[in-house]
Amino acid sequence: SLAATAITCFTRGLDLRKGTEDVLCPANCPLWQFYVFGDGVYASLSSICGAAIHRGVITNAGGTVRVQTLPGQENYPAVNANGIQSQVLSRWASSFSVTPATKDTALEAVGRSVSTARPSTGKRPKKTLNKKAGNKDCKADIAFLIDGSYNIGQRRFNLQKNFLGKVAVMLGIGIEGPHVGVVQASEHPKIEFYLKNFTAAKEVLFAIKELGFRGGNSNTGKALKHTAQKFFSLENGARKGIPKIIVVFLDGWPSDDLEEAGIVAREFGVNVFIVSVAKPTTEELGMVQDIGFVDKAVCRTNGFFSYQMPTWFGTTKYVKPLVQKLCSHEQMLCSKTCYNSINIGFLIDGSSSVGESNFRLMLDFVSNVAKAFEISDIGSKVAAVQFTYDQRPEFGFTDYVTKEKVLSAIRNIRYMSGGTATGDAISFTVRNVFGPVKDGPNKNFLIVLTDGQSYDDVRGPAAAAQKAGITVFSVGVAWAPLDDLKDMASEPRESHTFFTREFTGLEQMVPDIIRSICKDFMDSKQ
């Protein structure tokens, strides 16, 4: 009997290595995502589980399937069966058929993808684990928009695929590293595979190798707009807080306009790179719709987002510099929004006049503000200090780099009780909490939350904070004097000073404070 190997929804016939193999398809695969070519005999780039459902061998509840490798065919027809529409394909090098596995098939419950399945030795080498994790220093969700037009032609299309494969390997694709997908631009854009389909370089290489040349006009603008709007959804594998990048490969020049597509991409927070190969010659410039097409499309016209190669031959030396650009998340200016590019320090009054139950309402306010932001090691960060006459750092900007951990740390803050020295607390926070991040890429905000008059001067320390580049919001409750609040707040003071008579009123302030933070962030970028 054959041992059935567990595979994924997207494992294809060409990923198998044996002539006959029993595989176990998982349940609940998304039918609309299957790529299936043929009927009965399927092209090897078809999804095995998709073909098995199409053939009626299994249902979407999953099950065991016997896969038989067959020679290539001249033609694979398109047939709609069991909720799956297979596609037409003319000529492919290899095929497979699917039949029910025999009753005595033993299940090898390994839960591995086929491309990495090996006889189990009982040991798991460290290297494999690192490969699965990928390059953690390169956090990016990347769509490669490849040129599939008649401009490039079949031969150079294959050279483009070779270059793309080298880039994919050097990126260090993995679960915790970069994720990539591919879109082909020609007459109409075609998403070849999404970010979520593959999380290992080997799988991505297979997928790139199997890409077919489409031909047609190079409607790059149309493809860029489509990719910016449709590709980076959470359902398709985009991750929150990770820079979104589109790398456009362009052989020659586009047939359509890139300007509108560039605007749309920037609105969607996508960083567009243009890799132009074989720039138009002086004689050809008359055929180009807009000679400034590169500057119209890229994220910024600072030179960082455009990349030129003279030809598709001998491109190996261009791989590393491109990968270094794609992994420089600090440079991804179009990804930077008020939600993912700020540091917020909360200075929380723990004096005796607050009381335990009101202190909890203050912590709820802090949590509700923090919740709105994309907290990660490369995104926004949060810190908190509690003060009376003394100051107690509750956690710093680098202590917790996920939203869940930050919210948990806020919930666990214990009430101090004591006097009120707000000025000293501001100086302490500027020095000890903001000091270590003052040269970092994020914009700094301090929210001072107090319910009474300070025993010391607040004006001097607040001015020093603002001089250090920190925007100060003052939030007062109950007996907090309005003059003190205004003295602490950044200019214009009206939009940085908040007051409520009751602690229960803090909740209503949250949306206004978030809006004000975002307005300040946008103003600073102008």
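All of these numbers come straight from a predicted model, not from anything done at the bench.

Asker: Provide a residue-level description of the sheet that holds strand β17 (residues 381–387), including the pertinent values.
Answerer: What holds strands together in a sheet is hydrogen bonding between their backbones, with the strands either parallel or antiparallel. One open sheet accounts for 6 strands, arranged β18-β17-β16-β19-β20-β21; its pairing is mixed. Because the sheet does not close on itself, it has two edges, and the strands there are β18 (391–395) and β21 (497–500). Adjacent strand axes in the sheet meet at a mean angle of 20°, parallel and antiparallel pairs treated alike. In terms of strand pairing, β17 meets β18 through 4 bridges, oriented antiparallel. When the bridges of β18 are listed, V385 appears paired with P393. Across the sheet, helix α11 (residues 422–434) touches β16 (342–349), β17, β18, β19 (443–450) and β20 (470–477), and the angle it forms with β19 is around 150°.

Asker: Requested: an account of helix α1 (residues 48–55), with residues and values cited.
Answerer: The buried count for α1 comes to 7 of 8 residues, which makes it a mostly enclosed element. Buried residues of α1: I48, C49, G50, A51, A52, I53 and H54, and no others. At the N-terminal end of α1, a side-chain oxygen is found 3.5 Å from the backbone nitrogen of C49, two or three residues along, and the residue is S47. Once α1 finishes, G56 follows within two positions and takes phi at roughly 85°, a positive value.

Asker: I'd like to hear about the layout of surface pockets, residue by residue, with values.
Answerer: Taken as a whole, the second largest pocket encloses approximately 720 Å³ of empty space. If you trace the second largest pocket, you find 31 residues lining it, with Y35, F37, L45, K190 and E192 closest to the centre. Within the residue set of the lining of the second largest pocket, elements represented by two or more residues are β7 (84–85), β8 (89–100) and β12 (190–193). Ranked by the residues each element gives to the lining of the second largest pocket, the list is headed by β12, at 4 residues.

Asker: An account of the nonpolar core is requested, with residue identities and associated values reported.
Answerer: Residues F144 and L171 are the most contacted members of the largest nonpolar core, which totals 70 residues. In terms of residue count, the dominant contributor to this core is helix α3 (residues 153–171) (7 residues). Those residues within four positions of L171 in sequence are excluded, and the remaining contacts are N135, C138, I142, F144, P178, V180, V323, L326 and C327. With 41 residues, the next largest nonpolar core counts F359, F445, F503 and I514 among its residues.

Asker: Run through the sheet that holds strand β10 (residues 141–147), naming residues and quoting values.
Answerer: Taken together, 6 strands build an open sheet; the order of strands is β12-β11-β10-β13-β14-β15 and the sheet is mixed. On the outer flanks of this sheet lie β12 and β15 (306–309), each paired with one strand and no other. Here the strands of the sheet are splayed against their neighbours by 20° on average, with no regard to which way each runs. Sheet strands touched by α3: β10, β11 (179–185), β13 (244–251) and β15. Its angle to β10, the strand with the most contacts, is close to 165°.

Asker: Explain the packing of helix α5 (residues 220–230) against helix α6 (residues 259–267) to me, using residue names and the numbers behind them.
Answerer: At a minimum axis distance of 8 Å, the contact between α5 and α6 shows a crossing angle of 15°. On the basis of their axis angle, the class for α5 and α6 is roughly parallel. Of the two possible hands of crossing, α5 and α6 adopt the one that is left-handed. In contact with G221, L224, K225, A228 and Q229 of α5, α6 contributes E260, A261, G262, V264 and A265.

Asker: Please give an account of the environment of I146 that cites residues and values.
Answerer: Tracing the backbone shows I146 in strand β10. In sequence terms I146 and Q184 are 38 residues apart; their C-alpha atoms lie 5.0 Å from each other. Here I146 is in contact with F157, Q160, L164, V182, V183, Q184, A185, L211 and F249, once residues within four sequence places are set aside.

Asker: Can you break down the domain arrangement of the protein residue by residue, with the values?
Answerer: The domains assigned to the protein are domain 1 (5–100), domain 2 (141–331) and domain 3 (342–523). Between the C-alpha centres of domain 2 and domain 3 there is a distance of 42 Å. A combined buried area of about 370 Å² lies between domain 2 and domain 3, and 68% of that area is made up of carbon and sulfur atoms. Broken down residue by residue, the surface that domain 2 buries against domain 3 is led by G241, H329 and E330, which jointly contribute 79%. On the surface where domain 2 and domain 3 come into contact, there are 0 salt bridges. The interface formed by domain 2 and domain 3 contains 0 residue pairs in polar contact (both at pLDDT 80 or more). Tallied by class, the residues present in the side of domain 2 that touches domain 3 amount to 2 nonpolar, 2 polar and 1 charged.

Asker: Requested: an account of the UniProt feature "domain: VWFA" (unreviewed entry) in the protein, with residues and values cited.
Answerer: Under the feature "domain: VWFA" (unreviewed entry), the UniProt entry names residues 141–326 and 343–513. Summarising residues 343–513: 36% helix, 23% strand, and an end-to-end C-alpha distance of 14 Å.

Asker: Please provide a residue-by-residue account of the pairing of β11, values included.
Answerer: Burial runs high along β11: 7 of the 7 residues are buried. Examined bridge by bridge, β10 and β11 share 7 bridges and lie parallel to one another. Each residue of the ladder has a partner; that of D141, found in β11, is H179. The parallel pair β10 and β11, bridged by α3, forms a crossover whose chirality is right-handed. Inspection of the sheet shows β11 paired to β12 by 3 bridges, in the antiparallel sense. Looking at the pairing, Q184 lines up with K190 of β12. Hairpin connection, β11 to β12: the antiparallel pair is bridged by 4 residues.

Asker: Please provide a residue-by-residue account of the environment of C338, values included.
Answerer: Of note, C338 is situated in the loop between α8 (316–326) and β16. Given a relative accessible area of 6%, C338 falls into the buried group. C-alpha separation for the pair C338 and G19, spaced 319 residues apart in sequence, amounts to 55 Å. With sequence-adjacent residues up to four places away left out, C338 is seen in contact with F373, S380, C518 and F521.

About the cut-offs
- By convention here, each chain's residues receive numbers from 1 onward along its written sequence.
- With the structure being a predicted model, the display of local features is reserved for residues of pLDDT at least 70 and the display and counting of side-chain atom pairs for 80 or more, all residues being used for whole-chain, interface and lining totals.
- Computation of side-chain values covers all heavy atoms of the structure but excludes hydrogens and water.
- DSSP-based pairing: two strands are paired if at least 2 bridges between them are found.
- Helical segments are the DSSP runs of H or I of at least four residues, strand segments are the runs of E of at least two, and each set is numbered from the N terminus.
- Axis definition: a line fitted to C-alpha atoms, over the contacting stretch in the case of helices. Angles run 0 to 180 degrees between N-to-C directions.
- By the convention used here, residues are in contact when the closest approach between their heavy atoms is within 4.5 Å.
- The classification of residues rests on relative accessible area computed with a 1.4 Å probe and restricted to protein chains. Under 20% of the type maximum is buried, over 50% is exposed, and intermediate values are partly exposed.
- The term polar contact refers here to a pair of N or O atoms within 3.5 Å; inside protein, the definition further demands a hydrogen-donor-capable atom paired with an acceptor-capable atom, and it admits residues adjacent in sequence only when both atoms are side-chain atoms.
- Using only the protein atoms, space was sampled on a 1 Å grid; points where a 1.4 Å probe fits but cannot get out form cavities, open sets with protein on both sides within 12 Å along at least five of seven lines form pockets, and lining residues are those with an atom within 4 Å of a point.
- Grid points are joined across faces, edges and corners, and a volume is the space filled by probe spheres set on the points.
- Nonpolar core, defined: a set of buried Ala, Val, Leu, Ile, Met, Phe, Trp, Tyr and Cys residues in which side-chain atoms within 4.5 Å join the residues together.
- Any angle that is under 35 degrees is reported as roughly parallel, and any over 145 degrees as roughly antiparallel; angles of 65 to 115 degrees are reported as roughly perpendicular and all others as oblique.
- Put simply, a crossing is left-handed when the front helix is turned counterclockwise from the back one by less than a right angle, and right-handed when it is turned clockwise.
- The domain limits used here are those given by an automatic or database domain assignment.
- A 1.4 Å probe defines the accessible area here, and the buried area is the portion of it lost by two parts on being joined, summed over both.
- Here, a salt bridge means any side-chain nitrogen of Lys or Arg that lies within 4 Å of a carboxyl oxygen of Asp or Glu.
- Residue polarity follows a fixed list, in which Ala, Val, Leu, Ile, Met, Phe, Trp, Tyr, Cys and Pro are nonpolar, Asp, Glu, Lys and Arg are charged, and the others, Gly among them, are polar.
- UniProt positions are given in the numbering used here, feature names are shortened, and annotations may be inferred rather than shown by experiment.
- Here a crossover is taken to be right-handed if, once the strands point away from the viewer, the path from the first strand over the helix to the second is traced clockwise.

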